[in-house]
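Take a look at the letters that make up each chain.
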Amino acid sequence: MTMHTPLPTDPEALMELGYRTGSTSYAPQLILDHGKGMEVWDIQGKRYLDFLAGIAVNALGHCHPRVVEAVQTQAGQAMQISNAYMSRAQIRMQQLLVELSFGDRVFACNSGAEANESAIKLARRYQRVVRGDTNRTEIISFNHSFHGRTLAAITATGQPKYHVGFEPLPPGFLYAEYNDLASVEALIGPRTTAVLVEPIQGEGGIRPAAPGFLEGLRELCDKHGALLIFDEVQTGVGRTGHLFAYQHYGVTPDLMTLAKGLGGGVPVGALVSTDEIFKGFVKGSHATTFGGNPLASAAAVAVLEVVSEPSFLAHVRAMGEYLVGKLNSLSGPLAPREVRGVGLMIGAEVGPKALAIMGAGRDLGLLFNTAGADTLRFVPPLIVQPDDIDACALIVQQALDVVAARP
Ligand SMILES: *Cc1c(COP(=O)(O)O)cnc(C)c1O
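In what follows, the accompanying structure is described. Bear in mind that the values here come from a model prediction, so they are computed numbers and not experimental data.

**Section: the packing of helix H13 (residues 354–363) against helix H14 (residues 386–405)**
At a minimum axis distance of 8 Å, the contact between H13 and H14 shows a crossing angle of 120°. Taken together, H13 and H14 sit at an angle that is classed as oblique. Between H13 and H14 lies a crossing whose hand is right-handed. For the pair H13 and H14, contact is made by Ala356, Ile357, Ala360 and Gly361 and by Ile395, Ala399, Leu400, Val402 and Val403, respectively.

**Notes on helix H11 (residues 294–307)**
A rise of 1.5 Å per residue sets the reference length of H11, with its 14 residues, at 20 Å; its end C-alpha atoms lie 20 Å apart and thus fit the reference within 8%. H11 sits mainly inside the fold: 13 of its 14 residues count as buried.

**A short note on the pattern of salt bridges**
Taken as a whole and judged by the stated rule, the model has 18 salt bridges. A salt bridge links Glu305 to Arg92; its shortest N-O distance comes to 3.0 Å. In this pair, Glu305 sits in helix H11 while Arg92 sits in helix H4 (residues 88–100), placing the two residues 213 residues apart along the sequence.

**Describing the pairing of strand E10 (residues 227–231)**
If a strand is regular, its side chains alternate between the two faces of the sheet. For E10, the buried fraction is high: 5 of the 5 residues fall into the buried class. Burial of the side chains of E10 extends over both faces: Leu227, Ile229 and Asp231 are buried on one face and Leu228 and Phe230 on the other. As defined by bridge partners, strand E7 (residues 192–197) adjoins E10 across 4 bridges and the pair is classed as parallel. In the sheet register, Leu196 faces E10, and the bridge partner there is Ile229. Here E10 runs beside strand E11 (residues 255–258); their pairing, made up of 3 bridges, is parallel. Opposite Asp231, over in E11, you have Thr257 as the bridge partner.

**Let's talk about the packing of helix H12 (residues 310–328) against H14**
A pair of packed helices is characterised by two quantities: the angle between their axes and the separation of those axes. Here H12 crosses H14 at 20°, and the two axes come no closer than 10 Å. Classified by the angle between their axes, H12 and H14 sit roughly parallel to one another. As for how H12 packs across H14, the hand of that crossing is right-handed. Here Met319, Tyr322, Leu323 and Lys326 of H12 come into contact with H14, specifically with Pro386, Ile389, Asp390, Cys392 and Ala393.

**Topic: the site of the ligand**
Close to the ligand lie 13 residues, the nearest being Gly112, Ala113, Asp231, Gln234 and Lys260. Phe146 places a polar main-chain atom, nitrogen or oxygen, 3.3 Å from a nitrogen atom of the ligand. Between the ligand and the protein, one listed contact pairs an oxygen atom with a side-chain N or O atom of Gln234 at 2.8 Å. For the ligand, whose free accessible area comes to 390 Å², the fraction covered by protein is 82%.

**What to know about the nonpolar core**
Considering soluble globular proteins, one finds that nonpolar side chains tend to be buried as a cluster. If you look at the biggest cluster of nonpolar residues, it comprises 91 residues, and the most contacted ones within it are Phe51 and Phe378. Here this core takes 10 residues from H11, the largest share from any one element. Counting residues domain by domain, this core receives three or more from each of domain 1 (11–63 + 310–404) and domain 2 (65–307). In terms of nonpolar packing, the next biggest core, distinct from the first, is built from 21 residues, Ile120, Ile139, Ala152 and Leu271 among them.

What counts and what doesn't
- Residues numbered from 1 in each chain as written.
- Predicted model: local features only at pLDDT ≥ 70, side-chain atom pairs only at ≥ 80, totals over all residues.
- Heavy atoms only, no water.
- Axes fitted to C-alpha atoms, helices over the stretch in contact; angles between N-to-C directions.
- Helix = DSSP H or I, 4+ residues; strand = E, 2+ residues; numbered from the N terminus.
- Parallel < 35°, antiparallel > 145°, perpendicular 65-115°, else oblique.
- Left-handed = near helix turned anticlockwise from the far one by under 90°.
- Contact = heavy atoms within 4.5 Å.
- Expected span 1.5 Å × (residues − 1).
- Buried < 20%, exposed > 50% of the residue type's maximum accessible area, 1.4 Å probe, protein only.
- Salt bridge = Lys/Arg side-chain N within 4 Å of Asp/Glu carboxyl O.
- Pairing = 2+ DSSP bridges.
- Near = heavy atom within 4 Å.
- Polar contact = N/O pair within 3.5 Å; in protein donor to acceptor, adjacent residues only side chain to side chain.
- Areas by Shrake-Rupley, 256 points an atom, 1.4 Å probe, with all protein chains shown as cover.
- Core = buried A, V, L, I, M, F, W, Y, C linked by side-chain atoms within 4.5 Å.
- Domains from an automatic or database assignment.

Right, here's the structure in full:
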């Protein structure tokens with residue numbers, strides 16, 4: 001019989017063990033134990049108000065009864081069956097995504113990076129195999145974008161810090177300036193496979209597309225025979241107060257990727273596109289073992305059924321406006337110089353002290369993080385209520401004051 005060393009009970013020893021055995025690419029701040037709705041508790045019983053939501057993932061907060069019910073029931077039926085078979089849960093997820101979006105078909109996968117990887121592969125196959133155009137070797141993405149951590153996704157990510165040491169990167173990626181159509185016009189042409197863009201740049205600092213920018217991309221893509229891919233991994237599934245951000249902007253892409261909020265905490269991603277573009281895949285072109293597994297699909301179905309209710313989306317828009325108002329009324333030397341965002345995807349630009357403010361907020365019982373170097377990011381569960389926002393604003397004000405008072 002093998003003997004396992006028991007897990008330490010002492011919080012510091014536990015943290016040390018976590019650091020010693022975990023990936024050197026992370027620096028976690030706390031050990032969390034459980035959550036309920038808008039709140040989470042650490043292993044010492046300290047309570048936090050959660051305005052990070054697992055990084056825009058827990059769309060319905062922690063342990064939403066509909067998601068818990070769906071996952072528990074499905075776990076007792078079948079969790080994984082492979083794509084050699086289908087399940088009611090997966091078919092229902094596909095049906096909902098297709099009914100609720102521009103798409104006709106869904107490739108289900110497990111993360112945002114994988115959804116983007118799949119979108120790049122489908123776009124290339126469509127241009128090459130369906131349209132027979134082998135000259136289209138280039139993908140245009142944007143500076144300050146974020147598309148995930150696989151090799152193709154970091155290459156599409158227009159931020160050099162994500163590239164360092166990972167060379168050689170796959171060729172064929174070009175970068176334009178976000179919200180600058182002239183910079184796209186200078187790159188797009190007969191060699192362009194697709195333009196890949198976030199309707200609101202998330203990790204890059206919560207930067208919404210300017211009026212006319214996405215429309216302009218749509219026109220440029222149509223004119224030059226390129227496909228338009230929206231990375232809605234963060235903006236999708238109700239985050240902006242519309243089920244998908246493309247609906248907020250009134251511009252329809254050819255391909256759309258989803259992940260983060262889709263499973264309400266269960267890992268699931270999706271690539272949504274049209275019948276025409278899915279001609280690019282034939283049996284065997286692309287696959288993933290866990291993609292569309294019944295457990296993840298059941299969670300996604302529960303989330304989509306709740307979030308797609310018009311009254312729920314109206315709530316997201318109302319709460320977003322309320323939070324923006326509160327953040328705009330913060331005061332003192334570190335008060336935000338700009339508050340940006342759509343729905344409940346909100347950035348407050350505070351300058352180089354952003355990380356220190358995040359730490360002070362955490363110590364005061366509020367979880368949020370930063371996006372870019374100088375912006376606080378608030379992506380709370382979409383079920384957030386006005387009193388949660390009042391409590392959040394109070395703590396952010398205290399955190400600003402604490403950091404401003406430091407020598
Ligand atoms: C988080 C994110 C990704 C990556 O998703 P993972 O699930 O971490 O792979 C891709 N694109 C955008 C816009 C994101 O916000």
